[in-house]
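Coordinate analysis (summary)
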Amino acid sequence: MRAWAPSVSLGLVVLVLGVVELLNTDPIVDRAYDRGLAVLVLATAVAVGLARRAPAAALALSGGIGLVQYTTDNQIMLIEVAFFVVVFAAARWGHVVTVVAAALAVPLAAALAVHLAITQEYVPLLSNDDIRTLLDTAERVGNSSARAGITVFLVLVLASPWLLGVAFRFGDRARASRISQVRAEDSAAVAVQQTEQAREIARLRDEQARLARDVHDVVGHSLAVILAQAESAQYLPDDDPDRLKQTMATIAGSARSSLQDVRQVLSAPDAPTVTRPLDTLVDGVRAGGHEVVVRELGTARPLPPELEVTAYRVLQEMLTNAVKHGRREEPVFVERHWPDDSLSDELRIEVRNSASSAVGERGSGLDGMRQRLAAVGGRLDVRRREEPDTTTFTVTAWIPLVPR
């Protein structure tokens, strides 16, 4: 009802104006004629009331009213005024078919009006003086020329509301297009903002995971080495204080080195960690009483900082697992294979040790190594071989010599 209220109100206004026009018209004795005029006024008000919400029905009803006016003597000025409203509404709010029908109705209505002007001395929308002027002109220049001139004039008059409606129609579309464009731009901006936020969250999570891996590698390795060194001190003879002092010094050195690495990781998480030679890791494990057999093949070469950190942390985690889960009486085998030909561009690090059969092949340490290697284009392989009284674990890492 709220959507129909403006149209219904305009229809009621037209109805009131029609009644006023009927009351000001000279009385006609024929009651059927009066009833016909009243019906035309009511139909015209209905057509105007439907113009906004149902322009096709309003145009059809207005056309029927025009035909009745053309075929009878019922002439009401209000009908022509209402035709303007209906044509405007059809051009602005109607379907494309309705817009075309309204455009075709304009010249047809003009032709009918011209015929009325020539045959019945009646021209809609013109005063009596204008009618007389048109008729005088028709007598001077001939009926055909007068009819053409009047037709062109009425087409221009009747086409003006249609053109105005089309102009408003395209104006509405342009505004709707601008609004849609603004909304699309706002949506795109929100999407970009959400994408940036998601990327920032992902970056922070990756940084958090990387920081956790670094702390895990540093602290886990140091604690494993310190624990092994402390346990080895229990087996020292009581009459050898020098070896005990040496063991305690080794423990203190391992703890100091671990603390330095942790401080560096926490203070500059984005910067590559300054590492020591890979052999220092082997020395620390040996100091804890574990036998480590090192074999290096090929010619060693310097690595870029990022790859050097990766190789150091991976070997560190490998030795940590060997110390934590390996058998103390069995040696740990470490092999570093540097490529000597152009067929391979990877450094292969392998650690093999005997461990308890209860040790699994997954864990935070192994997952951390896989993620660290994947970040630089490397890979990790973990294999186990069951034997009667032990299980042999072989962990192999391939590290590219150039970051990928």
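Our structure's up above, just so we're on the same page.
Computed from a prediction, not measured in an experiment: that's the story for all the values here.

1. Some details on the pattern of salt bridges
Taken as a whole and judged by the stated rule, the model has 14 salt bridges. Arg175 serves as the salt-bridge partner of Asp172, at 2.1 Å between the closest nitrogen and oxygen. With Asp172 and Arg175 both in helix H7 (residues 143–233) and three residues apart, the pair spans about one turn of that helix. Given the relative accessible area of 24%, Asp172 is considered partly exposed. Among the salt bridges present, the one from Arg379 reaches Glu346, with a minimum N-O distance of 2.9 Å. In this pair, Arg379 is assigned in strand S4 (residues 379–386) and Glu346 in strand S3 (residues 346–355), connecting sequence segments 33 residues apart. Note on Glu346: relative accessible area 14%, which makes it buried. Several salt bridges share partner residues, and in doing so they unite Arg295, Glu335, Arg348, Glu350 and Arg352 into one network.

2. Overview of the nonpolar core
Formed by 36 residues in total, the largest nonpolar core has its most connected members in Leu315, Met318, Leu319 and Leu380. Mapped by element, the contributors of at least two residues to this core are H7, helix H9 (278–287), helix H10 (305–325), strand S2 (332–337), S3, helix H11 (364–375), S4 and strand S5 (391–400). Ranked by size, the runner-up nonpolar core spans 19 residues in total, among them Ala89, Ala102, Ala110 and Ala159.

Calculation criteria
Within each chain, residue numbers correspond to sequence positions counted from 1 in written order. The predicted origin of the model limits local features to residues at a pLDDT of at least 70 and limits the giving and counting of side-chain atom pairs to 80 or more, whereas totals for whole chains, interfaces and linings rest on all residues. Calculated side-chain values reflect all of the structure's heavy atoms, with hydrogen atoms and water omitted. By salt bridge we mean one thing: a side-chain nitrogen of Lys or Arg within 4 Å of a carboxyl oxygen of Asp or Glu. A run of H or I in DSSP counts as a helix once it spans at least four residues, and a run of E counts as a strand once it spans at least two, with each numbered from the N terminus. The buried label goes to any residue with under 20% of its type's maximum accessible area, the exposed label to any with over 50%, and the partly exposed label to all in between, with areas taken from a 1.4 Å probe on protein chains only. By nonpolar core is meant a set of buried Ala, Val, Leu, Ile, Met, Phe, Trp, Tyr and Cys residues that side-chain atoms within 4.5 Å join together.

Nothing here speaks to function; it is all geometry.
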